[in-house]
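# Chain and residue survey
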Amino acid sequence: MKKIILLAILLSCAIGVSAQQKGELLIKNATVMTASGGTLQNRDILVRNGKIVQIGRDLKASADAQIFDGTGKFVTPGIIDAHSHAMMDAVNEFSFAVTSMARIRDVLDPTDISIYRALAGGVTAANLLHGSANPIGGQNSVVKFKWGHPIEDFLIADAPPGIKFAMGENVKRSNSQIQPGQTRRYPATRMGTVEVIRDAFVRARDYKQAWDDYRAKKTKVPPRRDLELEPLVEVLEGKRLVHAHGYRSDEHLNLLLIAKDFGFKVATLQHGLEAYKIAPEIAKSGTGVSIFADYWGYKIEAYDAIPYNAAILWKNGVVVSINSDSAERIRRLNIDAAKMMKYGGVPEEEALKMITLNPAKQLGIDKRTGSIEVGKDADIVIWSAHPFSVYAHPEVTMIEGEVFFDRQKDVAMRDQLEKEREALEKAEANLPPEKRGKSEKPKENPSPNGGLQ
Amino acid sequence: MIKKILNNLCLSLFICGSLFISAFAQNGGTQQNLTGRDGAFAITNARIVTVSGDTIENGTIIIRNGKIEAVGANIRAGGGVETIDGKGLTVYPGMIDAATNMGLIEIGGGAAGTVDVAETGNMNSNAKAITGINPNTSHINVTRVNGTTTVLSLPVSGLVSGQSAIINLNGATQSEMAVVPVFGLIVNFPRVTTFEFAPGVGRRAIEYSQAVKQRDKNVEDLKKIFDEAALYAKTREAYAADKSLPHKDIDLKMEAMIPYLKGEKPVIFTADRERDIRGALKFADELKLKAIILGGAEAWKAADDLKKYNVPVIYTNMWSMPLGQDADYDSMYAGPGKMKAAGVKFAIASGDDGANARDLPYQAGMSAAYGLSKEDALKAVTIYPAEILGISDKMGSIETGKVANIVVTDGDLLDARTNIKYLFINGRLLPLTSRHTELYEAFKNRK
Amino acid sequence: MKNKFLRICAALAALIVAALPLSAQFRPDTFAITNAKIVTVSGKTIEKGTIVVRNGLIESVGENDKVPADAKIIDGSGMTVYPGFFDTNTSLAIPASTPRPGGQQGAQAQSSNSNYPEGLQPEKRTFDELKANEQAFEAQRNTGITSALTVGNDGIFNGQSAVINLSGDSVSAMVVRSPFAQHITFTTLRGGQYPTSLMGTFSAMRQMFLDTLRHIELKKMYAANPRGMQRPPADASLEALIPVVTGAMPIVFNANTEREIIRSLDLAKEFKLNAMIAGGFEAWKVAERLKAQNVPVLLSLNFPERTTAEAKDADPETLETLRLRVEVPKNAARLKAAGVKFAFQSGGLKNLSKDFIGNIAKAVNAGLSKEDAVRAASLGAAEILGVNDRLGSVEEGKIANLFAVRGDIFDKDKQILHIFVDGNHFENKEKPKSEIKPGGTAPAGTFAQIGGSWNVAIDIPGSPITATYNFIQQGGTFTGTMQTQFGTTNITDGKVTANGFSFAATVEFAGQTFDVFVNGTKVGDRIEGTITSPQGPVTFTGTKNP
């Protein structure tokens, strides 16, 4: 019976690369773009138990180590997407203006094929965000794309929790269809949006006070635990990162003002397509910005977006990341980073950082990932050519030393999957109804002690 | 492209929340379309990628009166010619994007007043893109400064969407821009649609046999349009030959169909799935239409029919998601390589509404990371589309006598890191400015 | 006119004849099944023995038991007696809820004694909604199902279920245990009301569990000393959740996919709930956790099968779909091997009589022992439902829920001949062997499945009308009603073919009666066809009422 279960498990992750390397792994003689310490030629990287343990020349690995020949190839840290909605069974909780109680964690789908396709584009980690339908949206999840693993393995345990905020057109819902009998949800203006957020933090402060009083035994009755306000208290306490969707520069400033008033920091402005207009103010606030490389013009508030956004922000000292917000675009963030060299002359390593180390910083996971450094997680991509070249593709994507995408194996697997399909299509339950029931024979119980006789 | 528009809608509706309608803001007050200056130019000491012939490692190209006057390794620039030192630079023919909605849509979400891409109704053969194109759209400059000099701009919607236009990305008026003002008839070949969106239910499957029935009915409707047009053409001709016959009133929609019925101009069928491509090819063959397939996600699977009928494909799916969760992750990237291997004639196009059509070179380049040769990737956005659009005598390569649509770069044209240094359209040297560079200049030094 | 009068007379006569046996028949209360093989499940199988049923209970069971003189004797030679089976997740005996105008269920619909919206009201009790209708359970009984867990399926909190026996003319006679469990469906509320997303659904439930825990605490405080303390609000929803958060009442999560099951298990862990999984198609993938958390599974027997006809050029089905269909029948054996408790449920099977036992047989073919299969359907289910002290096996003193089958329960040509529910005897006429076609009891497989209620649009030129067809199918024949704005008439001469059906009916219209003949085909999950009347034919199309 164990065999059956094992077989079934193998079957269930047929697309994935099931090699489980928790031992040693050695990448030899590659061009290593570290994203933190320059580009190193002809270098080896030794990985042990999921961590990078050595970077150098002529490194030795144990006999059973997995070896990757990196000759002529490029190695980068795994790409990190600071704005994704991959593997989510729900995106928006539309109902209220404040839905901080909603948690992406509750609706993760580890079987979403877009995970694998992102891996095939060199992405190893992502910030999975609630949608932007609410001034204060739901709680995010920061994950690594451990395709084929159980969902709990995806979550980066020590990533600080976060929450989605949003400003502008989506929040106002000014053009959404109102069903008969429904009233328009407040807020319908940018004025109202600001007040919703202020009101929520006023309530969160009072809520915290109520608990403090109770804990100090000033009150007798325990306050009601409020799942809406708890995450906002965490924001006030600096324990939860705010990722704030917005487009127009004025609304970014509005939020930064609120944050200042309530004493918290905004971790990232998401999209921030007009952030370049207020780069000095953003730099001063210490807030990061996570943007599209050059996607623009799809709505009014995206009309002033320019591809030089990243360059201006970078020159002002802002930590910038390039995100996808899309299951399609996430597959080619390396090209988006490359564009940043062209639009405004961002240096190569800085451009690489925008899809690796910078998003890691913004998500508070840069201690463990985002660059190729000894002691960090072995979240690594091996590219066929320079990752900024349009002619390059990822050959191997690994997370913590475990290979989750291997182009050669993917190609080799295609025939096998076709054969599996053919076999499955012949199974009784998969026959079209008109062909079913013709070959069915009562089969004797295979278990010797089964049956009632 | 409808798909891109839908993607945008999806992005704003489902991911982000909602749309915002407003009729304001078209150009934001900046001058978008500086039409450059005419003159005689010589680019010397440059690497010249002619596309049609060998690459000249160190050569000269002379541009005069809008044309390429001379090109070669040993050309001497005569007097009265402005010389550009091309040392370290590479000269390419301008890229041709064979599928865009350039000029027909400024802002897809929340600004309906700027959207002229989708006429109402099923049958709009008389609608001409050239009449809806805004020569001052900000998209034109944004696109051309990345090296695309000519595009096909096309309407969407309905069964027969209208007629596309081939335009150069320069000119103060439609006629200044027009290369072929009325080029191909856009027909959205009826698809087998195996799902629908039902109110309160969401996406749900349609039984395949049912979907085929609906498709067949739609194809019948389309056939009827062509049959009626044929009859109309016949009666018009008869009347022209014999005025004693009763007068036949002119019908603009029917009138517009005539050159397509006669095979004088191409009918561009949008079709992505193999079954739909084969269906369109059969349809075109039966009616003796000159067909082009637009979309072509699974065109490589229908290679036999495409070759049999000698029909080319304008491939707009480089950056589309694979069809279905079991499709190979690289199936869309690999499409051009597979078409090439199968001997299908094709071009790579952005399929973009215009704002992001500037990504065309990178889309083409990626096809070379997944099976196509780099040379073919470049051809797929230069000479191949020129051939498919019937303008290869004028464009698509660097040859003496061709229109001087020229791009001078500091690197590989298809590489995302490459900068464009000089840009010529119709021999006019254009400033490398756009809405984006203007905003950049305005804000880059703000303290 | 005369004709009509005669017809009415005939119809009335038929009604009277049909009604008579119910009112006038003597219903014996003591039975003895003799010479039968008895699968007791709880103990050894008796190769040849006697079961005595009296006043609803099993009076005795054994090899040499005496037959009471007042018993009606059923000769069980050649038959096998099993304890009645359980269908562990149904909405049996609960009238379908009426949809609200505008589909705005939930919006502003707060009951006065709850602070939570409809859909998040766990206080709903199946017990209050049950309607007794013994005849309605015939299909279940003829499948060997004598007990069911039943609960409505509206909202996120579906309400509190009940275990019922499938006989009896009153609710009080049917109910075995109420309430049994709280049931959850991972759905959203409508009309834009929170929660509109699955995320919100979890948050809303979580908030209510927290509110309940606080409610318990406040009540305790208030009971100890009400002075100087605001009294806790009396809230029916929170009251109903108290036994759930204390673990006294099980909570059943409708969950089929691996991730739905894991989400359920996570929530159960978070609040220390006494959880069960209903559906559980992919339960085997989570077997270890189910075992570790001691969570039983009410396995759906509505195994996924391809429903679309073969068609060239159709999109291939996904590997995920193809794999699932092959894996689901193996589920039970894998759960058994992993030590996870499970029982079976029909899961909305369309063809209960063929597929309930038929799909258990598939699980047996996939490695589950017959013994374990029968146990899961009877005593195993009773244990999960907490009624194994009175149901689930053939034992002295237990409720007389059992059935006798000609042949083995998993035989293709088995015939369930006698069914006892609460000691009430139901009998099926035995068909001669020759009538049973090879390939199963169920020539039904070769007939279109048309049973149920259909929403029909009749295209009368100029004035289309709607109708409801209610079909009760018995293999190749069916009975039922045709309901229009002009009234309800009984269907006669209902015949089913492989892909269609026909019936006759008499319709009263504008003071006149018409004989109509209806000929239909089933296309996918729709029906279409013509209605021929003296006025000529009209067409109709119909969709199944869910």
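Up top is the structure these notes are about.
The notes below deal with the structure included here.

## Some details on the overall build of chain A
From N to C terminus, chain A includes 13 helices and 17 strands. Rg of the C-alpha trace for chain A: 25 Å, near the compact-globule value of 22 Å for 453 residues, within the 12% margin. Out of the 453 residues belonging to chain A, those deemed buried represent 63%. At a minimum sequence separation of 6, the contacts of chain A that also span at least 24 residues come to 69%. In the form shown here, chain A has an accessible surface area of approximately 16700 Å², with 53% of it arising from carbon and sulfur atoms. Between the centroid of the 61 positive side chains of chain A and the centroid of its 57 negative side chains there is a distance of 2 Å.

## Describing the environment of A:Phe96
Note that A:Phe96 resides in the loop between strand E6 (79–84) and helix H2 (113–119). Using a relative accessible area of 38% as the deciding quantity, one classes A:Phe96 as partly exposed. For the pair formed by A:Phe96 and A:Ile136, sequence separation is 40 residues and the distance between their alpha carbons is 9.1 Å. Residues in contact with A:Phe96, not counting those within four places in the same chain, are A:Met101, A:Asn134, A:Arg185 and C:Tyr194.

## Observations regarding the pattern of salt bridges
For the structure on display, the rule yields 93 salt bridges over all chains. For the salt bridge of C:Lys354 with C:Asp355, the shortest nitrogen-to-oxygen distance reads 3.4 Å. Of the residues examined, C:Asp355 reaches a relative accessible area of 16% and is grouped as buried. Where salt bridges share partners, they join A:Lys51, A:Lys144, A:Lys146, A:Asp158, A:Arg368, A:Asp377, A:Asp379 and A:Glu400 into one cluster.

## Focus: the packing of helix H5 (residues 208–241) of chain B against helix H6 (residues 252–261) of chain B
Residue and element names in this part refer to chain B. Relative orientation of the contacting elements H5 and H6 amounts to 95°, with a least axis distance of 9 Å. What the angle tells us is that H5 and H6 run roughly perpendicular. Of the residues in H6, those in contact with Ile 225, Phe 226, Glu 228, Ala 229, Ala 230, Tyr 232, Ala 233 and Arg 236 of H5 are Met 254, Glu 255, Met 257, Ile 258 and Leu 261. For the contact of H5 with H6, the per-class residue count stands at 10 nonpolar, no polar and three charged.

## What to know about the nonpolar core
One finds A:Phe145, B:Phe269, C:Phe209, C:Leu290 and C:Phe344 to be the most contacted residues of the largest nonpolar core, which totals 295 residues. Not counting residues up to four positions away in its chain, the partners in contact with C:Phe344 are C:Phe86, C:Asp87, C:Thr88, C:Leu299, C:Leu301, C:Ala332, C:Phe356, C:Ile360, C:Leu368, C:Ala373, C:Ala376 and C:Ala377. The next biggest cluster of nonpolar side chains, apart from the first, holds 24 residues, and it includes C:Ile491, C:Val496, C:Phe503 and C:Val507.

## Considering the interface of chain A and chain C
Every contact between the two is made by 66 residues of chain A and, on the other side, 66 residues of chain C. Each partner contributes to the roughly 5300 Å² buried at the junction of chain A and chain C, and carbon and sulfur atoms together form 56% of this total. The interface formed by chain A and chain C includes nine salt bridges. Counting across the interface, chain A meets chain C through 24 residue pairs in polar contact (both at pLDDT 80 or more).

## Here we look at the packing of aromatic side chains
Enumeration over the complete set of coordinates arrives at 45 aromatic pairs over all chains. With centroids separated by 4.1 Å and ring planes inclined at 10°, the aromatic side chains of A:Tyr308 and B:Tyr440 adopt a geometry described as stacked. Of the two residues, A:Tyr308 is situated in the loop between strand E13 (288–291) and helix H9 (309–315) and B:Tyr440 in helix H13 (residues 435–443); the pairing between them involves two chains. Of the two residues, A:Tyr308 and B:Tyr440, neither departs from the other in class, the shared state being buried. Here the aromatic rings of C:Phe501 and C:Phe503 are separated by 6.4 Å at their centres, their planes lie at 10°, and the arrangement is stacked. Aromatic rings pair up to connect A:Tyr116, A:Trp147, A:Phe405, B:Tyr329, B:Tyr333 and B:Tyr370 into one cluster. We note A:Arg332 situated over the ring of B:Trp319; from NZ or CZ to the ring centre the distance is 3.4 Å. Seen from the ring of C:Trp284, C:Arg334 lies directly overhead, with NZ or CZ sitting 4.1 Å from the centre.

## Thoughts on the interface of chain B and chain A
Contact with chain B, which involves 66 residues of that partner, is made by 67 residues of chain A. Both sides of the chain B and chain A interface together cover about 5700 Å² of buried area, and 55% of this is carbon and sulfur. Considering only the surface of chain B that becomes buried against chain A, B:Tyr329, B:Arg417 and B:Tyr440 emerge as the three largest contributors, covering 14% of it. Where chain B touches chain A, the interface holds eight salt bridges. One salt bridge connects A:Asp304 with B:Arg435, and the closest N-O pair in it is separated by 2.4 Å. Going through the elements one at a time, helix H1 (2–16), helix H3 (138–144), helix H10 (360–369) and H13 of chain B are the ones with two or more residues in the side of chain B that touches chain A.

Reading the values: the criteria
- Residues numbered from 1 in each chain as written.
- Chains lettered and ligands numbered in written order.
- Predicted model: local features only at pLDDT ≥ 70, side-chain atom pairs only at ≥ 80, totals over all residues.
- Heavy atoms only, no water.
- Helix = DSSP H or I, 4+ residues; strand = E, 2+ residues; numbered from the N terminus.
- Rg over C-alpha atoms; globule rule 2.2 N^0.38 Å.
- Buried < 20%, exposed > 50% of the residue type's maximum accessible area, 1.4 Å probe, protein only.
- Contact = heavy atoms within 4.5 Å.
- Areas by Shrake-Rupley, 256 points an atom, 1.4 Å probe, with all protein chains shown as cover.
- Lys, Arg positive; Asp, Glu negative; His and termini not counted.
- Charge placed at Lys NZ, Arg CZ, Asp CG, Glu CD.
- Salt bridge = Lys/Arg side-chain N within 4 Å of Asp/Glu carboxyl O.
- Axes fitted to C-alpha atoms, helices over the stretch in contact; angles between N-to-C directions.
- Parallel < 35°, antiparallel > 145°, perpendicular 65-115°, else oblique.
- Nonpolar A, V, L, I, M, F, W, Y, C, P; charged D, E, K, R; others polar.
- Core = buried A, V, L, I, M, F, W, Y, C linked by side-chain atoms within 4.5 Å.
- Buried area = accessible area lost by both parts, 1.4 Å probe.
- Polar contact = N/O pair within 3.5 Å; in protein donor to acceptor, adjacent residues only side chain to side chain.
- Phe/Tyr/Trp six-rings, centres within 6.5 Å; stacked < 30°, edge-to-face > 60°.
- Lys NZ or Arg CZ within 6 Å of the ring centre and 35° of its normal.

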